[in-house]
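Residue strings, one per chain:
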Amino acid sequence: MIERLQKYNFDFAGSGDKDFDELLQQYPHCTAALKWWCNKHNNANGGTRSAFNINRFFGLKEFMTKYPPQFKISNKCC
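No experiment lies behind these values; they were computed from the predicted model shown.

This next bit is on the side chain of S15. Structurally, the position occupied by S15 is in helix α2 (residues 12-15). The class for S15 is buried, based on a relative accessible area of 1%. Residues in contact with S15, not counting those within four places in the same chain, are F10, L23, Q26, Y27 and W37.

Now for the packing of aromatic side chains. Taken as a whole and judged by the stated rule, the model has 6 aromatic pairs. Measuring from ring centre to ring centre gives 5.2 Å for F10 and Y27, while their planes differ by 50°; the resulting arrangement is tilted. On the criterion of sequence distance, the pair formed by F10 in the loop between α1 (2-7) and α2 and Y27 in the loop between α3 (20-26) and α4 (31-37) is long-range, its members being 17 residues apart. On the basis of relative accessible area, F10 is assigned to the buried category, the value being 6%. Taking the centre distance of 5.1 Å and the plane angle of 45° together, the rings of F63 and Y67 count as tilted. Pairwise contacts between aromatic rings join F10, F12, Y27, W36 and W37 into one cluster.

It is worth spelling out the nonpolar core at this point. Counting residues in each nonpolar core, the largest one holds 16 residues, and the members touching the most others are L5, F10, F12, L23, L34 and W37. Elements that contribute at least two residues to this core include exactly α1, α3 and α4. The biggest single contributor to this core is α4, with 4 residues. Apart from the residues lying within four places of it in its own chain, the contact partners of L5 are F10, F12, C30, A33, L34, W36 and W37.

Further remarks concern unusual backbone geometry. The bulk of non-glycine residues show a negative phi, and the bulk of peptide bonds are trans. In this structure, N9 is a non-glycine residue whose phi angle is positive, near 55°. Tracing the backbone shows N9 in the loop between α1 and α2. Residue class for N9 comes out exposed when judged on its relative accessible area of 63%. Located in the positive-phi region is N39, a residue other than glycine, with phi close to 55°.

Definitions and limits used
Residues numbered from 1 in each chain as written. Predicted model: local features only at pLDDT ≥ 70, side-chain atom pairs only at ≥ 80, totals over all residues. Heavy atoms only, no water. Helix = DSSP H or I, 4+ residues; strand = E, 2+ residues; numbered from the N terminus. Buried < 20%, exposed > 50% of the residue type's maximum accessible area, 1.4 Å probe, protein only. Contact = heavy atoms within 4.5 Å. Phe/Tyr/Trp six-rings, centres within 6.5 Å; stacked < 30°, edge-to-face > 60°. Core = buried A, V, L, I, M, F, W, Y, C linked by side-chain atoms within 4.5 Å.

Below you can see the structure in the form of structure tokens.
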């Protein structure tokens, strides 16, 4: 999903803490990646600890907002 966010020039440092609706207005063609970024996918029990959310990777969102990537990240790298 990082690659998708980068494709639409997502501002990791400036937009990282905004809510989903605000980001969707700013990046309207990036819904799936924004759902991942904002933890909008629910697991089978209705909780937000889904395998399709960034919160599955402890500290990743905080790290990316503090140190935005300066290079393209491929979805095939990891």
